[in-house]
Amino acid sequence: MGPVMITSGDIQRFFKKFEMKTSTECWDWEACVNNRGYGKFSLDSKHIYAHRFSYIIHNGEIPKNLCVMHSCDNPKCVNPWHLSVGTHQDNMNDKCTKNRQARMFGEDNPKSKLTVEQVHDIRTKRMMGIEFAELYNIDKSQISRIQNNLKWKTV
């Protein structure tokens, strides 16, 4: 979204969609949110993330190729004291520093086709890789990776 034309009516409408609290508390967006919990605000028949709109009205335009980051890690928050700009890499570094990245290994991963017990069998039973592949309905290259401890390292 390029430069945003904002009217006083847009700002008044925006401030009706959350409760302002202290500068240290989150101001949770109470209107429409996307599937990841980020507030959406309608502006000129387009949607803009609510936290980005908050940043714009309090600090000015967002520099090109930068994202608006939450120091509070709350996607619904529109408190300008909790918002800053940074690169995508800055945002990823912040996520790692705060240990917010999803860690889904083994059976916890919804895409996993195997159980811990099956991996144990692949590593201990005497069968050919092709037989395991047919038995568990996975590619034989995955069997090899499991047997060589390149996959499912936690088991």
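Residues numbered from 1 in each chain as written. Predicted model: local features only at pLDDT ≥ 70, side-chain atom pairs only at ≥ 80, totals over all residues. Heavy atoms only, no water.

Structural notes on the overall build of the protein chain
Here is step 1: Tallying secondary structure elements over the protein chain gives six helices and four strands in all.
Here is step 2: Listing every helix and strand of the protein chain by position from the N terminus yields α-β-β-α-β-β-α-α-α-α.
Here is step 3: Computed over C-alpha atoms, the radius of gyration of the protein chain comes to 23 Å, more than 25% over the 15 Å expected from 2.2 N^0.38 for 155 residues, which places it beyond the range of a compact globule.
Here is step 4: Dimensions of the protein chain, computed from the C-alpha atoms along their principal axes, are close to 75 × 30 × 30 Å.
Here is step 5: For the protein chain, with 155 residues in total, the buried portion stands at 30%.
Here is step 6: Sequence separation of 24 or more characterises 46% of the internal contacts of the protein chain that already satisfy a separation of 6 or more.
Here is step 7: Approximately 10,500 Å² of the protein chain is accessible, and the part contributed by carbon and sulfur atoms is 49%.
Here is step 8: Side-chain charges in the protein chain split into 23 positive and 17 negative, and the spacing between the mean points of these groups amounts to 4 Å. (Helix = DSSP H or I, 4+ residues; strand = E, 2+ residues; numbered from the N terminus. Rg over C-alpha atoms; globule rule 2.2 N^0.38 Å. Buried < 20%, exposed > 50% of the residue type's maximum accessible area, 1.4 Å probe, protein only. Contact = heavy atoms within 4.5 Å. Areas by Shrake-Rupley, 256 points an atom, 1.4 Å probe, with all protein chains shown as cover. Lys, Arg positive; Asp, Glu negative; His and termini not counted. Charge placed at Lys NZ, Arg CZ, Asp CG, Glu CD.)

Some words on the side chain of His70
Here is step 1: The topology assignment puts His70 in strand 3 (residues 67–70).
Here is step 2: In this structure the side chain of His70 is engaged in a polar contact, spanning 3.4 Å, whose partner is the backbone oxygen of Asn74.
Here is step 3: Separated by 3.0 Å, the side chain of His70 and the backbone oxygen of Cys77 make a polar contact.
Here is step 4: Those residues in contact with His70, other than ones at most four positions away along the chain, are Tyr38, His51, Pro75, Cys77, His82, Leu83, Asp94 and Lys98. (Polar contact = N/O pair within 3.5 Å; in protein donor to acceptor, adjacent residues only side chain to side chain.)

Concerning unusual backbone geometry
Here is step 1: Even without glycine at this site, Asn65 takes up a positive phi of about 70°.
Here is step 2: Even without glycine at this site, Asn137 takes up a positive phi of about 55°.

What about the confidence of the model for the protein chain?
Close reading of the predicted structure is inappropriate where its pLDDT is low.
Here is step 1: Of all residues in the protein chain, 95% attain a pLDDT of 70 or more, and the chain-wide mean is 91.
Here is step 2: Within the protein chain, strand 4 (residues 83–86) carries the highest mean pLDDT (98), whereas helix 3 (residues 88–97) carries the lowest (90). (pLDDT = per-residue confidence, 0-100.)

Thoughts on the state of the cysteines
Here is step 1: Scanning the model with the defined rule gives zero disulfides in all.
Here is step 2: The thiol sulfur of Cys67 is not disulfide-bonded, and the nearest other cysteine sulfur, from Cys96, lies at 14 Å. (Disulfide = S-S within 2.5 Å.)

Focus: the side chain of Asp10
Here is step 1: Following the sequence through the fold, Asp10 ends up in helix 1 (residues 8–15).
Here is step 2: Residue Asp10 is classed as buried on the basis of its relative accessible area of 10%.
Here is step 3: Looking at Asp10, its side chain comes within polar contact range of the main-chain nitrogen of Thr7, at 3.0 Å.
Here is step 4: Within the local environment of Asp10, its side chain forms a polar contact with the side chain of Arg13, the two groups lying 3.3 Å apart.
Here is step 5: Not counting the four nearest positions on each side in its chain, Asp10 is found in contact with Met5, Phe41, Leu43 and Phe53.

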